[in-house]
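# Architecture at a glance
Listed here are the chains, written in short residue letters.
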Amino acid sequence: MNFHDYKLFLHSVLILWNLLEIDGITVSEQLKDVLMEGYDSSIRPVINERDTLFINISINSMSFLTLDPAEETINFSGEFILQWKDEFLFWNKSDYNITWLKLKESFLWTPDTTVSTSIDTNYLIETSERYVSVKYDGTVRQNIYAVFTNLCDMNINEFPYDQQTCMIKMGPWSYTMKEVTCIVGGDIERNETTGKFQGNSEWDFEGIVSSVGETEDPDVNFTFSEVHFALTVKRRPQFYVWVLLIPTYIITVVCIFGLFTPTANHGLREERVNLGITTLLSSAVILQIVANAMPKTSELPLLGNFILAEIFVVAIGVLFAVLVLTLHQRAHTREWRPPAWMLWILRMTGSSKFLSRNITKIRHKSSTAERIHYTGEGAYLFKNLDESLQSVREYIQEEDRDYFRELTYVKFFDRLDFLLLLIFQVGNALVTLFLVKQ
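What counts, and at which threshold
- Residues numbered from 1 in each chain as written.
- Predicted model: local features only at pLDDT ≥ 70, side-chain atom pairs only at ≥ 80, totals over all residues.
- Heavy atoms only, no water.
- UniProt positions renumbered as here; feature names shortened; annotations may be inferred.
- Core = buried A, V, L, I, M, F, W, Y, C linked by side-chain atoms within 4.5 Å.
- Buried < 20%, exposed > 50% of the residue type's maximum accessible area, 1.4 Å probe, protein only.
- Helix = DSSP H or I, 4+ residues; strand = E, 2+ residues; numbered from the N terminus.
- Domains from an automatic or database assignment.
- Disulfide = S-S within 2.5 Å.
- Polar contact = N/O pair within 3.5 Å; in protein donor to acceptor, adjacent residues only side chain to side chain.
- Contact = heavy atoms within 4.5 Å.
- Phe/Tyr/Trp six-rings, centres within 6.5 Å; stacked < 30°, edge-to-face > 60°.
- Lys NZ or Arg CZ within 6 Å of the ring centre and 35° of its normal.
- Salt bridge = Lys/Arg side-chain N within 4 Å of Asp/Glu carboxyl O.
- Patch = residues over 30% accessible without salt bridge, like charges linked within 9 Å, V, L, I, M, F, W, Y side chains within 5 Å.
- Areas by Shrake-Rupley, 256 points an atom, 1.4 Å probe, with all protein chains shown as cover.
- Pairing = 2+ DSSP bridges.
- Axes fitted to C-alpha atoms, helices over the stretch in contact; angles between N-to-C directions.
- Parallel < 35°, antiparallel > 145°, perpendicular 65-115°, else oblique.
- Left-handed = near helix turned anticlockwise from the far one by under 90°.
- Nonpolar A, V, L, I, M, F, W, Y, C, P; charged D, E, K, R; others polar.

The name recorded for the protein chain in an unreviewed UniProt entry is Ligand-Gated ion Channel, from Caenorhabditis elegans. In the Subcellular location (unreviewed entry) part of its UniProt record, the protein chain is described as follows: "Membrane".

What follows is the structure in structure tokens.
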């Protein structure tokens, strides 16, 4: 008597048992006893050992939990459905009026399926407590629900406008491709109405592309079958835009205004350098926040490049402010005579009346009045008095000349500050638009 004849004999006995109406045992229990009679859960359920067992693997639901860019891992909860044909489990549906039968997973042969890209798996139901569904034609359906920590090779070049694709690889661990071959289900597209596939507050679920892959063990020349699920998620950039990108841009804009706005008519305004250094420190702190949240790769993300560009803009602005400060100080202390090109620039920028009234005081030295020779009684006294008055007159003229020359340089450097203000603001806006547009 072969195995199939033996199973038919048991089915006939069970039918006779039902006719005798034996109390205390349900039809499901009776069917389970018949199916488990002589069943070995450690043997691959094929009658011919040369036959290949095909397993269909698909994802029924998934909830995206977290993504750790620094560790390059993702956490998600997912339900995988495995389905295969067990040639040792079958019955006549009309005899028992049962289409599907629930059996404990430990009673049957199940593939030792693992997610090879996962570094940690937390099953919500222990293996000993899980059930599988068995159909009358031998189809076995297994549901695996767990929380997975999966590796994810991230591409952060466009952070925070990035889209990540993480590969989830699943397949039998010990059975070769000749023994067990995986078949994959269909692709999954984004569908917000079903609610089976969800992102989180930071990431949107975009879809899953399914495919079949192979891995090889070169030591023993074995080939293993597995399925690949390419999970794609897209980041919601609003948080990083409002918390990092916009504040960095505003800080830089305010710093440029502080560096080059002519806020006073006199003085060298050393506070500008302090403002620039403070802004550099603030931008460096923001850049450090971005760097801590990203994997240590050879390239900075888009947001990191933006912050670094803003740091360079502020640094160059500080250098120009120091240069203007130095030139202004040298012109004041060394009493440089304003050159002709500087006076031409001032005439072209609205200071023609000021120059026409004071050009002689600005360009020429004060003339020395002709000495008067006094004779007669009291000549010595008048001579000393005249020399004193002449010294006071020359001092006043010299002070007047220095004042107008200093005022000329103040007007020139005010216009230079305004020009640099326009150049740096336009340059900063262009840099921001270029990086954000990318």
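That was the structure; now back to the text.
Turning our attention to the nonpolar core. Formed by 66 residues in total, the largest nonpolar core has its most connected members in Phe80, Ile208, Phe229, Leu231 and Leu303. A per-element tally of this core places strand S1 (residues 53–68) first, with seven residues. A domain-level breakdown of this core finds at least three residues from each of domain 1 (28–235) and domain 2 (241–437). Ranked by size, the runner-up nonpolar core spans 18 residues in total, among them Val273, Val313, Val324 and Leu420.

Counted according to the given criterion, the structure contains one disulfide. The disulfide partner of Cys152 is Cys166, and the S-S distance across this bridge is 2.0 Å. Residues Cys152 and Cys166 are joined through a disulfide that is left-handed, its torsion about the S-S bond being -70°. Separated by 14 residues along the polypeptide, Cys152 in the loop between strand S7 (139–151) and strand S8 (163–172) and Cys166 in strand S8 bring together distant segments of the chain. Cys166 matches Cys152 in its accessibility class, with the two residues each being buried.

For the rest of this paragraph, the subject is the side chain of Glu226. Among the secondary structure elements, Glu226 is positioned in strand S13 (residues 222–235). Of the polar contacts made by the side chain of Glu226, one reaches the side chain of His228; its length is 2.8 Å. In this structure, Glu226 is in contact with Ser116, Lys169, Met170, Gly171, Cys182, Ser211, Val212, Gly213, Glu214 and Thr215, ignoring residues within four places of it in sequence.

A few words now on the packing of aromatic side chains. Tallied over the entire structure, the rule returns 13 aromatic pairs. Ring centres of Phe197 and Phe205 lie 5.5 Å apart, and the angle between their planes is 25°; on these two criteria the pair is classed as stacked. For the pair shown, Phe197 and Phe205 are each scored as buried. With 6.4 Å between their ring centres and 85° between their planes, Phe222 and Phe224 make a pair best called edge-to-face. By the ring-pair criterion, three or more aromatic residues cluster together here, those being Phe76, Phe80, Phe148 and Phe229. Seen from the ring of Tyr123, Arg130 lies directly overhead, with NZ or CZ sitting 5.1 Å from the centre.

Overall, the coordinates contain five salt bridges when judged by the stated rule. Arg44 serves as the salt-bridge partner of Glu49, at 3.6 Å between the closest nitrogen and oxygen. Residue class for Glu49 comes out exposed when judged on its relative accessible area of 52%. A relative accessible area of 6% means that Arg44 is categorised as buried. We note a salt bridge from Glu202 to Arg235, for which the minimum N-O separation is 2.7 Å. Separated by 33 residues along the polypeptide, Glu202 in the loop between strand S11 (197–198) and strand S12 (203–217) and Arg235 in strand S13 bring together distant segments of the chain. Connected via shared salt-bridge partners are Asp162, Glu202 and Arg235.

Where nonpolar side chains cluster on the molecular surface, the patch consists of Phe312, Ile316, Phe320, Leu323 and Leu327 and spans about 450 Å² of accessible area. Tracing the backbone shows Phe320 in helix H6 (residues 302–333). Judged by relative accessible area, Phe320 falls into the partly exposed class, the value being 34%.

A few words now on the sheet that holds strand S10 (residues 188–189). Strand pairing in a sheet is mediated by backbone hydrogen bonds. Such pairs are either parallel or antiparallel. Within the open sheet, the five strands sit side by side as S4-S8-S13-S12-S10. Their pairing is antiparallel. What marks the edges here is a single partner per strand, and that holds for strand S4 (113–115) and S10. In this sheet, S13 lies alongside S8 in antiparallel orientation, the contact comprising eight bridges. Paired with Thr165 across the bridge in S13 is Thr232.

Axis angle and axis distance: for two packed helices, these are the angle between their axes and the distance between the axes, and together they describe the pair. Across the interface, helix H4 (residues 238–260) lies against helix H5 (residues 271–292) with an axial gap of 9 Å and an inter-helix angle of 170°. Our classification of the angle between H4 and H5 gives roughly antiparallel. Like other packed secondary-structure pairs, H4 and H5 cross with a definite hand, here left-handed. Every residue of H5 that contacts H4 at Leu244, Thr248, Ile251, Cys255, Gly258, Leu259 and Phe260 is listed here: Arg272, Leu275, Gly276, Thr279, Ile286 and Val290. Across the contact of H4 with H5, the residue classes break down as eight nonpolar, four polar and one charged.

Another aspect to go through is the pairing of strand S2 (residues 73–85). Burial of S2 is extensive: 10 of the 13 residues sit out of reach of the surface. Bridge count for S1 against S2 is 11 bridges, and the pairing is antiparallel. Counterpart to Thr66 in the pairing with S2 is Asn75. Linking S1 to S2, which pair antiparallel, is a turn of four residues; within it Glu72 sits at a positive phi near 55°. Relative to S7, S2 is paired through 13 bridges, and the arrangement is antiparallel. Residue pairing for S7: Phe80 is matched across the bridge by Ile144.

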